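# Examination of the molecular architecture
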Amino acid sequence: MARYASGQNQPITYWNNLPIYLTTILTAVFVASLIIIVVASSMGLPLANWLTFPMPLIPAWSLWRLVTHILIVPLSFFTPFSIICFYWWSVGVETHLGRAILSKLLLALALTSPAIGAIWWWGLGVRSVSEGNYAFTGALLIAFATLYPNAEAWGWIPFKWLAFACVFCASLMFMIPHDWVGLSQLWAACAVGFAYISHAKELEYDDYESPAIRFKRLFRRKPKFRVLPSARTAPTSLEADAAPNDLDMLLDKIAKTGMASLTAKERARLEKAREALMRKDQR
């Protein structure tokens, strides 16, 4: 059962009867930034150079690059599809889990690539430049597929398999030129998206089991089977104590849905509990 924050998964406002989500605003900012960068580049202004995140970071105080590097997207035939996919996947997370969770997810994904670039520089002295939203968008797809694993893209392929295929092809794209920094940034961002949404689903849903919980269950000791006494033997004190509770549960169900809603097994339990109470009264 979902536990939504109040209004977090609802539109912020409406404009001409169109819902305006946080994703709508972010998409508009992304498109506007894309246009500004293209105009600045055509005028010979090095605006893009101040938005990327290089390692080493020079000047060291230009920390806005931690986020602005995802705005550097080269124009191509597929740019509109990238914008549409960002809106599709992001609004899917927002309307399901709320704006607060989406905001934290997007910030975590934006910071992942600079963090990995910094690790390569501090650990191995490898220079890198984080720019573009390739790993960012790929990780958003993983987050969306984690939230809706069996939802079908275009009505025929589950998103979990689409996400796997995209990450596999992207990994090959980085492996061929031996771009290990880019590959590690992609994998790290996808891992962050998967882990964050899994944790968010675990908090939002009472009956959701995260992959970590299912993995731990594989190593739990299985309970041993015990031979229970037959129905002819006298009930133990544990059975006598459990009978009233069992009877109360069945009576509650009868009160809510009627006697006809009981299954054959529940009817047998009701009869058995009644007999146990009768024997207890006779003592």
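Details of the structure are given in the entry above.
None of these values were measured; they are calculated from a predicted model.

## Structural notes on the overall build of the protein chain
Scanning the protein chain from N- to C-terminus turns up 10 helices and six strands. Residues classed as buried in the protein chain amount to 38% of the 283 residues present. For the protein chain, contacts bridging at least 24 residues in sequence account for 63% of all contacts bridging at least 6. Carbon and sulfur atoms make up 68% of the accessible area of the protein chain, which amounts to about 18,200 Å² in all.

## A closer look at the packing of helix α5 (residues 134-147) against helix α6 (residues 159-175)
For the pair α5 and α6, interaxial distance at closest approach is 9 Å and the crossing angle is 155°. Comparing their axes, α6 and α5 come out roughly antiparallel. Crossing of α5 against α6: the hand is left-handed. Touching Y134, L141, I142, F144 and A145 of α5 are F159, K160, A163, C166, V167, A170, M173 and F174, all from α6. Within the contact of α5 with α6, the residues separate by chemical class into 12 nonpolar, no polar and one charged.

## Topic: helix α3 (residues 79-97)
For α3, which comprises 19 residues, the first-to-last C-alpha distance of 27 Å matches the rise-based estimate of 27 Å (1.5 Å per residue) to within 8%. Positioned one or two residues after α3, G98 has a phi angle of 105°, which is positive.

## Considerations on the environment of S128
Within the secondary structure layout, S128 lies in strand β4 (residues 128-130). Remark: the alpha-carbon pair of S128 and P54, spanning 74 residues in sequence, is separated by 5.8 Å. Once you skip the residues sitting within four places of it in the chain, S128 turns out to touch F53, P54, M55, G117 and V181.

## Overview of a nonpolar patch on the surface
A cluster of nonpolar side chains, contributed by W161, F164, F168, L172, M175, W180 and W187, occupies part of the molecular surface with about 780 Å² of accessible area. Residue assignment for the nonpolar patch shows that the elements contributing at least two residues are α6 and α7 (180-204). Element by element, the count of residues in the nonpolar patch is highest for α6, at five residues. Residue classification places L172 among the partly exposed positions, given a relative accessible area of 38%.

## A short note on the packing of aromatic side chains
Tallied over the full model, the rule gives 13 aromatic pairs. On the numbers, 5.3 Å between centres and 90° between planes, the contact of F77 with F78 is edge-to-face. Note on F78: relative accessible area 58%, which makes it exposed. Relative to Y148, the ring of F144 lies with its centre 4.9 Å away and its plane at 45°, an arrangement referred to as tilted.

## Some remarks on the packing of helix α4 (residues 99-124) against α5
At their nearest, the axes of α4 and α5 sit 9 Å apart, and the two run at 140° to each other. When the interaxial angle is binned, α4 and α5 end up oblique. The way α4 lies across α5 gives a crossing that is right-handed. Contacts between α4 and α5 involve L105, L106, L109, A110 and S113 from the first element and A135, F136, A139, L140 and A143 from the second. Of the residues contributing to the contact of α4 with α5, the split by class is nine nonpolar, one polar and no charged.

## Regarding the state of the cysteines
Evaluated as defined, the whole model comprises zero disulfides. Cysteine C166 shares no disulfide, and the gap to the nearest cysteine sulfur, in C169, comes to 6.9 Å. You can call C166 partly exposed: its relative accessible area is 36%. For C190, which is in no disulfide, the shortest distance to another cysteine sulfur is to C166 and amounts to 9.7 Å. On the basis of relative accessibility, which here comes to 8%, the residue C190 falls in the buried class.

## A look at the nonpolar core
Core analysis: the largest hydrophobic core is formed by 46 residues, its most contacted members being W89, L105, F136, F159 and I197. Taken together, the elements giving at least two residues each to this core come down to α1 (22-42), α3, α4, α5, α6 and α7. Per element, the largest residue contribution to this core is 10 residues, and it comes from α5. I197 has contacts with V93, L97, L105, A143, T146 and L147, leaving out every residue within four places of it along the chain.

What counts, and at which threshold
- Residues numbered from 1 in each chain as written.
- Predicted model: local features only at pLDDT ≥ 70, side-chain atom pairs only at ≥ 80, totals over all residues.
- Heavy atoms only, no water.
- Helix = DSSP H or I, 4+ residues; strand = E, 2+ residues; numbered from the N terminus.
- Buried < 20%, exposed > 50% of the residue type's maximum accessible area, 1.4 Å probe, protein only.
- Contact = heavy atoms within 4.5 Å.
- Areas by Shrake-Rupley, 256 points an atom, 1.4 Å probe, with all protein chains shown as cover.
- Axes fitted to C-alpha atoms, helices over the stretch in contact; angles between N-to-C directions.
- Parallel < 35°, antiparallel > 145°, perpendicular 65-115°, else oblique.
- Left-handed = near helix turned anticlockwise from the far one by under 90°.
- Nonpolar A, V, L, I, M, F, W, Y, C, P; charged D, E, K, R; others polar.
- Expected span 1.5 Å × (residues − 1).
- Patch = residues over 30% accessible without salt bridge, like charges linked within 9 Å, V, L, I, M, F, W, Y side chains within 5 Å.
- Salt bridge = Lys/Arg side-chain N within 4 Å of Asp/Glu carboxyl O.
- Phe/Tyr/Trp six-rings, centres within 6.5 Å; stacked < 30°, edge-to-face > 60°.
- Disulfide = S-S within 2.5 Å.
- Core = buried A, V, L, I, M, F, W, Y, C linked by side-chain atoms within 4.5 Å.

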